[in-house]
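# Coordinate inspection notes
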Amino acid sequence: MKTENYFRGMIMIILSAFFFACMGVCVRLAGDIPSIQKSFFRNLVAAAFAASILFKKHIPLTIKKECRIPLLARCAFGTLGILCNFYAVDHLLVADASILNKLSPFFAILFSFLLLKEKLTIWQGGFVSLAFIGCLFIVKPGLANANLVPALIGVCGGLGAGIAYTMVRKLGSLGMKGPVIVFYFSFFSCLFVAPWILFRFSPMTLKQTVILLMAGLFAAGGQFSVTAAYTYAPARKISIYDYSQIIFSTILGFLLFGEIPDQYSFLGYGLIIFASFLMFLYNRRQDRIQEAS
């Protein structure tokens, strides 16, 4: 893989982490609204945003035969990931829901290895494990006190997102453009929850509506960024940078809610930054070896 593509993938996934952190803040600010309704607004804005890009750039919505199954899998498992994650946020401690959602990069790496046959070295696995330990220090999950069913649903959310990102990588290798992937996924998700919205819509204030629309805009930015990231580089090389979302969330939490991290959180930051730095050095070394050979 070209070094230029690696850097692009790294930058895009960090950018997506920032957008998703902003989305999370907006979802929290929206208040007590059913999670399915929140997910609908999230995907409705993303679909409209993607459609405007497709129209402006005259990008066709045609799907090549070899892209149909991966695209369907991306839509189905991506929708599963969103619904499960929102359910976990509504029924678990925020820390528990966050750590379960952060299982998605590990599932992405696993399924990239199983489905796409991308190589995974012991060193890379170790770096990702170190980052995961740092994540545990930050969110400090208390799964012993969590309800079993919501926790399992949260794990399913991480699994769904991991498979979805793997399919994004596959679609990118087949030449499908990012805005097309985002549009089909967002449109599929909206259609999937539309019957529930029609019959069980919960009234919202103007403030809640604006906040959810903002959440949708941030989600669209995050979706476009993460789609671009996984089309530039394999999950095993860039997924670790997704943990920067925790850092962004902490900063936003301090600025908006006055939350101050404890010493365990700072330890987690150090582990994640250290693991990211080791991964960066390892990938640069591998690129030099490939260029020399």
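Treat the numbers as computed from the prediction; the structure is a model and nothing was measured.

## Side note on the packing of aromatic side chains
All told, the structure shown has six aromatic pairs when counted by the stated rule. Here the aromatic rings of F188 and F192 are separated by 6.4 Å at their centres, their planes lie at 15°, and the arrangement is stacked. Of the two residues, F188 and F192 are both situated in helix 8 (residues 178-200); the distance of four residues between them amounts to about one turn of the helix. Each member of the aromatic cluster is reached from another via a ring pair, and the members are F18, F19 and F248.

## With respect to the packing of helix 2 (residues 35-57) against helix 8
Two quantities define a packed helix pair, namely the angle between the helix axes and the distance between the axes. Running from N to C, helix 2 and helix 8 cross one another at 145°; their axes reach a closest spacing of 7 Å. In this structure, helix 2 meets helix 8 at a crossing whose hand is left-handed.

## Some words on the packing of helix 2 against helix 9 (residues 206-232)
In contact at an axis separation of 7 Å, helix 2 and helix 9 are set at 55° when each is read in the N-to-C sense. Viewed along their axes, helix 2 and helix 9 adopt a mutual orientation that is oblique. Handedness of the crossing formed by helix 2 with helix 9: right-handed. Contacts from K38, F41, R42, V45, A46, F49, A50 and I53 in helix 2 reach L212, L213, G216, L217, A219, A220, Q223 and F224 in helix 9.

## Side note on the nonpolar core
Of all hydrophobic cores here, the largest spans 59 residues; its most connected members are M176, Y230, I238, I240, Y241 and Y243. Each residue touching M176, except ones within four places of it in the same chain, is listed here: I63, C67, L71, L171 and I181. F107, F111, I163 and M167 belong to the second-largest nonpolar core, a separate cluster that totals five residues.

## Considering the pattern of salt bridges
Any two side chains of opposite charge can pair, so long as their charged atoms come close to each other. Counted under the stated rule, the structure contains one salt bridge. Residue E66 is joined to K64 by a salt bridge in which the shortest nitrogen-to-oxygen separation is 3.9 Å.

## Re a nonpolar patch on the surface
Judged by side-chain polarity, L29, I251, F254, L255, L256, F257 and I260 come together as a nonpolar surface patch covering roughly 720 Å² of accessible area. Of the residues forming the nonpolar patch, the biggest block, five residues, is contributed by helix 11 (residues 244-257).

## Here's the deal with the side chain of S39
Among the structural elements, S39 can be located in helix 2. Here I36 takes part through its backbone oxygen, which lies 2.6 Å from a polar atom of the side chain of S39. Those residues in contact with S39 that sit more than four places away from it in its chain are I82, L83, F86 and V193.

## Quick look at the environment of I163
Along the chain, I163 falls in helix 7 (residues 148-173). For the pair I163 and F77, spaced 86 residues apart in the sequence, the C-alpha separation amounts to 6.5 Å. Not counting residues up to four positions away in its chain, the partners in contact with I163 are F77 and F111.

## Focus on helix 11
In this model helix 11 runs 19 Å from its N-terminal to its C-terminal C-alpha over 14 residues, within 8% of the 20 Å that 1.5 Å per residue would give. Among the residues of helix 11, S244, Q245, I246, T250, L252 and G253 are the ones counted as buried.

## What to know about unusual backbone geometry
Most peptide bonds adopt trans geometry, and most residues besides glycine take a negative phi value. With phi around 55°, H58 is a residue other than glycine that occupies positive phi space. Looking at the element boundaries, H58 is found in the loop between helix 2 and helix 3 (68-91). What makes H58 exposed here is its relative accessible area of 69%.

## Concerning the side chain of R42
Along the polypeptide, R42 turns up in helix 2. Residues in contact with R42, not counting those within four places in the same chain, are F20, M23, I82, F86, F185, G216, A219 and Q223.

## Here we look at the environment of K170
Checked against the element boundaries, K170 lands in helix 7. Classification of K170 as partly exposed rests on a relative accessible area of 31%.

## Considerations on helix 8
The α-helix winds at 3.6 residues per turn, so residues separated by three or four positions along the chain end up facing the same way. Taking 1.5 Å per residue, 23 residues should reach 33 Å; helix 8 reaches 33 Å between its end C-alpha atoms and fits that length. If you look at helix 8, its biggest bend is around 45°, right at V193, and the proline P195 turns up within four residues after that.

Criteria and thresholds
- Residues numbered from 1 in each chain as written.
- Predicted model: local features only at pLDDT ≥ 70, side-chain atom pairs only at ≥ 80, totals over all residues.
- Heavy atoms only, no water.
- Phe/Tyr/Trp six-rings, centres within 6.5 Å; stacked < 30°, edge-to-face > 60°.
- Helix = DSSP H or I, 4+ residues; strand = E, 2+ residues; numbered from the N terminus.
- Axes fitted to C-alpha atoms, helices over the stretch in contact; angles between N-to-C directions.
- Left-handed = near helix turned anticlockwise from the far one by under 90°.
- Parallel < 35°, antiparallel > 145°, perpendicular 65-115°, else oblique.
- Contact = heavy atoms within 4.5 Å.
- Core = buried A, V, L, I, M, F, W, Y, C linked by side-chain atoms within 4.5 Å.
- Buried < 20%, exposed > 50% of the residue type's maximum accessible area, 1.4 Å probe, protein only.
- Salt bridge = Lys/Arg side-chain N within 4 Å of Asp/Glu carboxyl O.
- Patch = residues over 30% accessible without salt bridge, like charges linked within 9 Å, V, L, I, M, F, W, Y side chains within 5 Å.
- Areas by Shrake-Rupley, 256 points an atom, 1.4 Å probe, with all protein chains shown as cover.
- Polar contact = N/O pair within 3.5 Å; in protein donor to acceptor, adjacent residues only side chain to side chain.
- Expected span 1.5 Å × (residues − 1).
- Bend = angle between axes of the 7 residues up to and from the residue.

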